[in-house]
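Observations on chain architecture
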Amino acid sequence: MEFIDLKTQQAAIKPQLDKRISDVLAHGRYIMGPEVAELEKTLADYVGTKHCISVSSGTEALLISLMALNIKPGDEVITTPFTFVATAEVIALVGATPVFVDIEPDTVNIDSTKIKACITSKTKAIITVSLYGQPADMDEINKIAREAGNIPVIEDGAQSFGATYKGRKSCNLSTIGCNSFFPSKPLGCYGDGGALFTNDDTLAQASREIRVHGQSKRYVHTRIGVGGRMDTLQCAVLLAKWPRFEWEVSQREKIGADYTKMILETVPGARPMSAQDFEGPIDTVRTLSLRDDRTSVYAQYTVLIPHREAMQARLKDAGIPTAVHYPVPLNKQPAYEALCKKDCQTPIAQFISQHVMSLPMGPDLTPEDQKQIIKVLAQKE
Ligand SMILES: *Cc1c(COP(=O)(O)O)cnc(C)c1O
């Protein structure tokens, strides 16, 4: 069994893939070829934003969004410590200070009720992460940001493309949405790629220029930029995958919901994670929560496990791969610890990071494989 099965998808779209790739080989416009604009239009229409700017990776999308917002040394950017390192890395790269706000124990997304107390006169942006595929409390966060003087909100939607929040699509929930097309993401290409989404014309223009070395016209460099384009071939791969994406999203929702249902029904003692559990050691499997007003695309299906290493070993023996997203909150990582404010306390992220374990997931996970995973998870130690 594979942790993320990409082969079944490839077999299903092989003819379109071959056609799309050979079209690019025939026209030869490997950089900024027609597939780039076609993909940007397709994705902007899907999420409902005015602009989509494709870039070379999800990390680059986050970096370019901070550059477009003119985040500078001395500024503070609020974010979650419980995420992939890129979210905080880009803050440090532009010379700003990441301010880590603790997470909710049951969704493991940033706790919106704790943000306001961390806003200072230096706060120039908030980066939320739609972790494992579920958006955070975006309306509450947008409201806090607006009331604090229109602080821009960036959604790191690298794990949530296709998810919804109150009927609106991830990446269209705040000032800027960022996505990653890393192969294993919900919409992945065959290499690196990413995109920024926004309804703001000025930010869109700035991002387009920053993507090509801050260039407004050929050899006119109006601002400092990066080499951040997405290549035509990767756009062609995504266009070949696109007709299947909607089905994949519904598969992901179903498989994720089935996981939760099956775990709660068959794993002895399993129950949803609650705030109370956080006060003491957990003794049996806990499922994470999906809020009623949103959907998740389950980039990862993740549970909390009392004795993680033993469970991972047992699953491995049964041929079932697992992963840990993420073992250490970023404010405890060597490179970030020194950057953190002295009073940065994230006890919930600390606790959660010791118990998370992700199970095989993807639109092509078979019901048989899923049953097998649950069976091993439910076995007595
Ligand atoms: C994958 C990921 C990124 C980075 O995307 P790349 O395309 O690999 O640069 C950023 N943030 C989160 C939450 C991610 O999961």
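Residues numbered from 1 in each chain as written. Predicted model: local features only at pLDDT ≥ 70, side-chain atom pairs only at ≥ 80, totals over all residues. Heavy atoms only, no water.

1. Some points on the packing of aromatic side chains
Counted only if it meets this: By convention, a stacked pair of Phe, Tyr or Trp rings (six-membered ring in the case of Trp) has centres within 6.5 Å and planes under 30 degrees apart, an edge-to-face pair has planes over 60 apart, and any other such pair is tilted. Counting from the N terminus, the helices are DSSP H or I runs at least four residues long and the strands are E runs at least two residues long. Partly exposed describes any residue whose relative accessible area lies between the buried limit of under 20% and the exposed limit of over 50%, with all areas from a 1.4 Å probe on protein chains only and scaled to the type maximum. We call a charge positioned above a ring when the Lys NZ or Arg CZ atom is no farther than 6 Å from the ring centre and deviates by at most 35 degrees from the ring normal.
On inspection of all chains with the given rule, the structure shows ten aromatic pairs. Centroid distance tyrosine 46 to phenylalanine 161: 5.6 Å. Interplanar angle 45°. Geometry classified as tilted. A residue pair is termed long-range when its members are at least 10 positions apart, and tyrosine 46 in helix 2 (residues 34-47) and phenylalanine 161 in the loop between strand 5 (153-156) and strand 6 (164-165) qualify at 115 residues. Per residue, the accessibility class of tyrosine 46 equals that of phenylalanine 161, and both read buried. Judged by centre distance (6.3 Å) and plane angle (80°), the rings of phenylalanine 82 and tyrosine 326 are edge-to-face. With phenylalanine 82 in the loop between strand 2 (76-79) and helix 4 (86-93) and tyrosine 326 in the loop between helix 8 (308-317) and helix 9 (334-337), the pair connects residues that are 244 residues apart, well separated along the chain. Three or more aromatic residues joined by ring pairs make a cluster, and in this case those are Tyr46, Phe161, Phe197, Trp242 and Phe245. Its guanidinium or amino end placed over the ring of tyrosine 46, lysine 169 lies 4.3 Å from that ring's centre, counting from NZ or CZ.

2. Quick word on the packing of helix 8 against helix 11 (residues 367-378)
Here is the rule: All axes are obtained by fitting lines to C-alpha atoms, using only the stretch in contact for helices, and the reported angles, taken between N-to-C directions, cover 0 to 180 degrees. Our angle categories are set so that under 35 degrees counts as roughly parallel, over 145 as roughly antiparallel, 65 to 115 as roughly perpendicular, and the remainder as oblique. For a crossing to be left-handed, the near helix must be turned anticlockwise from the far one by less than a right angle; the clockwise case is right-handed. The contact rule is simple, with two residues in contact once any of their heavy atoms fall within 4.5 Å. For this classification, Asp, Glu, Lys and Arg are treated as charged, while Ala, Val, Leu, Ile, Met, Phe, Trp, Tyr, Cys and Pro are nonpolar and the rest, including Gly, are polar.
For the pair helix 8 and helix 11, interaxial distance at closest approach is 10 Å and the crossing angle is 135°. When the axis of helix 8 is compared with that of helix 11, the two are oblique. Crossing handedness for the pair helix 8 and helix 11: right-handed. Seen from helix 8, the contacting residues are Met311, Arg314 and Leu315; seen from helix 11, they are Ile373, Val376 and Leu377. Considered class by class, the residues forming the contact of helix 8 with helix 11 number five nonpolar, no polar and one charged.

3. Section: the layout of surface pockets
Gaps left between atoms show up when a probe the size of a water molecule is rolled over them. Using the following cut-off: Throughout, the protein atoms alone are placed on a 1 Å grid, and a set of points is a cavity if a 1.4 Å probe fits but cannot get out or a pocket if it is open with protein on both sides within 12 Å along at least five of seven lines; lining residues have an atom within 4 Å of a point. Grid points are joined across faces, edges and corners, and a volume is the space filled by probe spheres set on the points.
Here the largest pocket is characterised by a volume of approximately 380 Å³. Mapped by element, the contributors of at least two residues to the lining of the largest pocket are helix 3 (58-68), helix 4 and strand 8 (176-180). Tallied by class, the residues present in the lining of the largest pocket amount to ten nonpolar, twelve polar and three charged.

4. Considerations on the sheet that holds strand 14 (residues 301-304)
Here is the rule: Any two strands are treated as partners once DSSP identifies two or more bridges connecting them.
Overall, mixed pairing links the four strands, which are arranged 12-13-14-15 in an open sheet. In this open sheet, the two edge strands, each paired with only one partner strand, are strand 12 (271-272) and strand 15 (356-359). Bridge analysis of strand 14 against strand 15 gives four bridges, and the strand direction is antiparallel. Looking at the pairing, tyrosine 301 lines up with leucine 359 of strand 15.

5. So, the nonpolar core
Burial of nonpolar side chains together is a common tendency in soluble globular proteins. Spelled out, the test is: Put simply, buried Ala, Val, Leu, Ile, Met, Phe, Trp, Tyr and Cys residues joined by side-chain atoms within 4.5 Å make one nonpolar core. The domain boundaries here were taken from an automatic or database domain assignment.
Counting 27 residues, the largest nonpolar core has Leu43, Phe161, Phe181, Leu187 and Phe197 as its most contacted members. Every element with two or more residues in this core is listed here: helix 1 (7-27), helix 2, strand 9 (194-198) and helix 7 (232-266). With eight residues, helix 7 is the single largest residue contributor to this core. Here this core spans two domains, since at least three of its residues come from each of domain 1 (6-239) and domain 2 (245-378). Once you skip the residues sitting within four places of it in the chain, leucine 187 turns out to touch Leu43, Phe161, Ser180, Phe181, Leu238, Trp242 and Phe245. In this structure, Val55, Leu69, Leu196 and Ala204 belong to the second largest nonpolar core, which totals 26 residues.

6. Quick look at empty space enclosed by the protein
Following the criterion strictly, the structure yields two cavities of 30 Å³ or more and no others. Reported here for the largest cavity is a volume of approximately 140 Å³. Taken together, the residues of the lining of the largest cavity sort by class into six nonpolar, seven polar and no charged. Residue assignment places the lining of the largest cavity across two domains, with domain 1 (6-239) and domain 2 (245-378) each supplying three or more.

7. Considerations on the pattern of salt bridges
The criterion, for reference: Salt-bridge detection follows one rule: a side-chain nitrogen of Lys or Arg within 4 Å of a carboxyl oxygen of Asp or Glu.
This model, assessed by the stated rule, comprises 25 salt bridges. A salt bridge links glutamate 40 to arginine 211; its shortest N-O distance comes to 2.9 Å. Separated by 171 residues along the polypeptide, glutamate 40 in helix 2 and arginine 211 in helix 6 (residues 201-211) bring together distant segments of the chain. Each member of the pair, glutamate 40 together with arginine 211, is buried. Here aspartate 139 and lysine 166 are joined by a salt bridge, their closest N and O atoms 2.9 Å apart. Residue aspartate 139 is located in helix 5 (residues 138-147), and its partner lysine 166 is located in the loop between strand 6 and strand 7 (168-169); the two are separated by 27 residues in the primary sequence. Connected via shared salt-bridge partners are Arg271, Asp277, Asp283 and Arg286.

8. Regarding the sheet that holds strand 2
Spatially, the seven strands line up as an open sheet ordered 1-9-8-5-4-2-3, and their pairing is mixed. Each edge of the open sheet is held by one strand with a lone partner, namely strand 1 (51-55) and strand 3 (97-100). Adjacent strand axes in the sheet meet at a mean angle of 25°, parallel and antiparallel pairs treated alike. Together, strand 1, strand 4 (123-129), strand 5, strand 8 and strand 9 form the strand contacts of helix 3, whose direction differs from that of strand 8 by roughly 160°. Packing of helix 5 onto the sheet brings it into contact with strand 4 and strand 5, and relative to strand 5 it is tilted by some 150°.

Any link to function would need more than the numbers given here.
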